[in-house]
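Coordinate analysis (summary)
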Amino acid sequence: MARDLAIDLGTANTLVYSKGRGIVLNEPTVIALNSRTQDVLAMGQEAWQMIGRTPGYIVAVRPLRKGAITDFDITQRMIRLLLQRAGVSRFNRPRVLICVPSAITEVERRAVEEAARGAGANGAYLIEQPMAAAIGAGLPIHEPLGNMVVDIGGGTTETAVISLGGVVALEAIRVGSFDIDATIQTYVRREYGIAIGERTAEEIKVAIGSAWPTDDEVKAEVRGRDLMTGLPKTVILAPEEVREAIEEQTGAIVDSVVRCLGNAPPELAQDLISQGIHLVGGGGMLSGLDRRLAEETALPVHLVDAPLECVVLGAGKCLEEFDAVKDLFM
């Protein structure tokens, strides 16, 4: 008997939920290829370890950029590998529910559906990420009440106001955690003359990155390659430097939330004073971002319990009651 699957195909991480079993896979969205033979060498955590550390003919790639499929063939191979790891074979072809950005184009939608069917799914259904996130966060989406979700992923930030099972106001921008990492890389290169990789930039962001001043700030030691001499070099970074460096990205995220609030009908906007804003996605875990949003919007901001898993858990709930929630699918 094929178990239905829900896949949250993110720019940074991919999660798979199996009906009746819960989350069965949680891996980085990275695939390592041999560019000479086009063979897949590794995917997920194993491939992520290879980023920036491979010989010339091995490339570790992210098939999704900015929430969009940049390489259809690699994405299809990745979905096929995901389905294999989740126990799908020629004999059991499950229905697959895939979470996609709400700003996805018609062409990209077809690409995702075809990739899933080509990889062995019996049927492919799509659900918008903000909707799945709201269900995962346990919000009362079917009631005539404004629910606001801010989903900050690796490549996109989506803000949605949801009421009566539909998206009433939506604001999506192609800014996410990877843009913050890239900005930290650029800053360290410009100010200190040191080249660091994207993994080091991510570690800096997690360790001392913030969107609002915090009480217990500590400095971090950063090791990289000196651009002048080519030798390894260590510098000390302060949290306020990182905060200033990533201001453009955090500012863009805050502005998109404010714009979405401006597009919401007044009746729903007043619901948000009591309901507040719910932060989901890995980017929502940036230190102080909830404080910054609360200051700028004058609304209560809640980081949900499992920000990384929230979207796939919501899609999983949809699988468990498939026929009752069919009208939520795209």
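Reference entry: report on the structure contained in this document. (Residues numbered from 1 in each chain as written. Predicted model: local features only at pLDDT ≥ 70, side-chain atom pairs only at ≥ 80, totals over all residues. Heavy atoms only, no water.)

Enumeration according to the criterion identifies zero aromatic pairs in this entry. Across the ring face of Trp-48, the terminal group of Arg-199 is positioned such that the distance to the ring centre comes to 4.3 Å. (Phe/Tyr/Trp six-rings, centres within 6.5 Å; stacked < 30°, edge-to-face > 60°. Lys NZ or Arg CZ within 6 Å of the ring centre and 35° of its normal.)

One pass over the full model with this rule turns up eleven salt bridges. Linking Glu-27 and Arg-85 is a salt bridge whose minimum nitrogen-to-oxygen distance equals 3.3 Å. Note that Glu-27 is positioned in strand E3 (residues 22-28) and Arg-85 in helix H2 (residues 72-85), a separation of 58 residues in sequence. The partly exposed category is assigned to Arg-85, whose relative accessible area is 42%. For Arg-292, the salt bridge identified is with Glu-296, shortest N-O distance 3.2 Å. Here the residue Arg-292 and the residue Glu-296 both occupy positions in helix H10 (residues 289-297), the gap between them amounting to four residues, near one helical turn. Judged by relative accessible area, Arg-292 falls into the buried class, the value being 8%. (Salt bridge = Lys/Arg side-chain N within 4 Å of Asp/Glu carboxyl O. Helix = DSSP H or I, 4+ residues; strand = E, 2+ residues; numbered from the N terminus. Buried < 20%, exposed > 50% of the residue type's maximum accessible area, 1.4 Å probe, protein only.)

So, on to the sheet that holds strand E16 (residues 232-237). Taken in spatial order, the three strands of this open sheet run E14-E15-E16, and their pairing is antiparallel. Each edge of the sheet is formed by a strand with only one pairing partner; in this case those strands are strand E14 (194-195) and E16. Pairing geometry for strand E15 (residues 220-226) and E16, over six bridges, is antiparallel. If you follow Val-222 over to E16, its bridge partner there is Val-235. Lying on the sheet, helix H5 (residues 177-192) is in contact with E14 and E16; it crosses E16 at an angle near 105°. The sheet contacts of helix H6 (residues 198-208) involve E15 and E16, and relative to E15 the element is tilted by about 165°. (Pairing = 2+ DSSP bridges. Contact = heavy atoms within 4.5 Å. Axes fitted to C-alpha atoms, helices over the stretch in contact; angles between N-to-C directions.)

Attention now goes to the sheet that holds strand E6 (residues 58-61). What holds strands together in a sheet is hydrogen bonding between their backbones, with the strands either parallel or antiparallel. In space, the three strands of this open sheet follow the order E5-E4-E6, with antiparallel pairing throughout. Pairing within the sheet leaves two strands with one partner each, and these edge strands are strand E5 (39-43) and E6. Between one strand axis and the next, the sheet turns by 25° as a mean value, whatever way the strands run. Along the sheet, H2 contacts strand E4 (31-34), E5 and E6; its crossing angle with E5, the most-contacted strand, is approximately 55°.

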